[in-house]
Amino acid sequence: MLLNRDSGQLRSNSFDVERTIAAIESVIAVETRPVSLHEPQFRGKEWEYVKETIDSGWVSSAGKYVDEFERRLAEICDVPYAVATMNGTAALHVCLMAAGVGANDEVLMPALTFVATANAISYCGAVPNFCDSDPETLGIDPGKLDEYLKSNAEVVQGQCRNRTTGRRIAAVVPMHAFGHPTDMDALAEVAARWNINLIEDAAESLGSRYKGHPVGQHGMVSALSFNGNKIVTTGGGGAVLTHDPELARAIKHLTTTSKQPHKWAFLHDQVGYNYRLPNINAALGCAQLERLDEFVAAKRALAARYIAAFQDVDGASVFQDRSDCESNYWLVTMMLDRPDPALRDQFLEACHARGLLCRPVWTGMHRLPMFQNCPRDDVSQMEALEGRIINLPSSPILGMGPSGMAVS
Ligand SMILES: *Cc1c(COP(=O)(O)O)cnc(C)c1O
């Protein structure tokens, strides 16, 4: 059957492009176009704190805001240690190094993620091994991962080995897509059974909760991102979270050129990285963290309004968090009832023509040229999600009334 591009009507699917756009526009209360996917908001003490770093001259790798940012992050995420980094990819890289991932290891990760997860694994000389997604969480499907390991792996002398490639499977890196928590208890169980370290890519999910606890505290180490499009931004930045004082110390050392503390001597005791977050960025981050609760409330209110508006839309709905989780709804996710890449792209074209800058999900990692020969499970559930997902405009401002308070 053929698309009728003029009317926006499509095949047997009752999805209607115009009606769906009308539902989205009923939620977006601003007149100006374009409406971006996610815009940061600086209405707190951002200018005050950033100005202070400039006035004092402490804009770079030393200064009080880095320590303060790390302290506040640890408190918010309910972990004892946070180490700030210059971006989320660097945070992931040191998470993997701290977990002992090295050359020729394999690391399990979702095929459905931003490319940074796979890149960071490659920086270690390791090889990504792609897992399928659970349509209920958009994260790694723990049951399917266990089945995959049963048919491909064995634990020999305490180490998990891929029987096909002969490589050690050193870690698994779940990612909480668009802020929706992955099923961490089930994954932790699989990881423990197979002697695999658990590392969280929590880049998108600051402020989300899994069974009452902030995400980012379930792995041996976890990575956050504060890129300009994340729920809280430092311009560019990231952080590692951990419960382990030794790992925290090692990560701080690794990210600060591995220099031994000394008044004047330059003594570096290993190949280190300059992955520090500058003080000027940390200052911005401190002010942004003061507003995290407001941002989460605004995004949850916005998601609730989209969910309500989609009650009258046929052929699509808005993804909702499980009852035992609280997503930060970083990006509100519309899902076509059935995978249909052509319809998805037609809808995206129509949205962009109206100045609604919606987006599809990332191309599956297993199809990118540099990763297409990596080992992987069957990823049919992920590929089905690829044909269904469209992210809707999700800036915190859209969930706030004129007073800046969340409006449902
Ligand atoms: C944003 C993001 C990162 C890393 O972010 P940076 O842009 O390097 O700060 C890593 N993983 C995921 C899933 C992300 O969305």
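Residues numbered from 1 in each chain as written. Predicted model: local features only at pLDDT ≥ 70, side-chain atom pairs only at ≥ 80, totals over all residues. Heavy atoms only, no water.

Colleague: Any details on the pairing of strand 6 (residues 169-172)? Residues and values, ideally.
Modeller: Of the pairings in the sheet, the one linking strand 2 (residues 106-110) to strand 6 comprises three bridges and is parallel in character. For valine 107, the partnering residue across the bridge sits in strand 6 and is alanine 171. In this sheet, strand 7 (residues 197-201) lies alongside strand 6 in parallel orientation, the contact comprising two bridges. Residue pairing across strands places valine 172 opposite leucine 198, the latter belonging to strand 7. Read as a crossover between parallel neighbours, the route from strand 6 over helix 7 (residues 184-193) to strand 7 is right-handed. (Pairing = 2+ DSSP bridges. Helix = DSSP H or I, 4+ residues; strand = E, 2+ residues; numbered from the N terminus. Right-handed = clockwise from strand over helix to strand, strands pointing away.)

Colleague: I'd like to hear about the pattern of salt bridges, residue by residue, with values.
Modeller: Scanning the entire structure with this criterion turns up 26 salt bridges. The closest approach of N and O atoms between glutamate 52 and lysine 64, which form a salt bridge, is 2.9 Å. Of the two residues, glutamate 52 sits in helix 2 (residues 46-56) while lysine 64 sits in helix 3 (residues 64-77), which places them twelve residues apart along the sequence. Notably, a salt bridge pairs arginine 322 with aspartate 183, separated by 3.7 Å at the nearest N-O pair. With arginine 322 in the loop between strand 12 (316-318) and strand 13 (325-326) and aspartate 183 in the loop between strand 6 and helix 7, this pair connects stretches of sequence that are 139 residues apart. Because the salt bridges share partners, they merge into one network encompassing Glu68, Arg71, Arg72, Glu75 and Glu290. (Salt bridge = Lys/Arg side-chain N within 4 Å of Asp/Glu carboxyl O.)

Colleague: If you had to explain the packing of helix 6 (residues 142-152) against helix 7 to someone new, which residues and values would you point to?
Modeller: Across the interface, helix 6 lies against helix 7 with an axial gap of 9 Å and an inter-helix angle of 15 degrees. What the angle tells us is that helix 6 and helix 7 run roughly parallel. Like other packed secondary-structure pairs, helix 6 and helix 7 cross with a definite hand, here left-handed. Contacts from Pro142, Leu145, Asp146 and Leu149 of helix 6 reach helix 7 at Ala186, Leu187, Val190 and Arg193. When its residues are assigned to classes, the contact of helix 6 with helix 7 shows six nonpolar, no polar and two charged. (Axes fitted to C-alpha atoms, helices over the stretch in contact; angles between N-to-C directions. Parallel < 35°, antiparallel > 145°, perpendicular 65-115°, else oblique. Left-handed = near helix turned anticlockwise from the far one by under 90°. Contact = heavy atoms within 4.5 Å. Nonpolar A, V, L, I, M, F, W, Y, C, P; charged D, E, K, R; others polar.)

Colleague: I'd love a proper account of the nonpolar core, names of residues and values included.
Modeller: Counting residues in hydrophobic clusters, the biggest one holds 83 residues, and the most contacted among them are Phe69, Leu73, Leu96, Phe178, Leu206 and Leu224. When residues no more than four places from it in sequence are discounted, the contact partners of leucine 96 are Val101, Val107, Ala120, Ile121, Cys124, Val173 and Ile199. In this structure, Val27, Ile28, Ala350 and Leu392 belong to the second largest nonpolar core, which totals 31 residues. (Core = buried A, V, L, I, M, F, W, Y, C linked by side-chain atoms within 4.5 Å. Buried < 20%, exposed > 50% of the residue type's maximum accessible area, 1.4 Å probe, protein only.)

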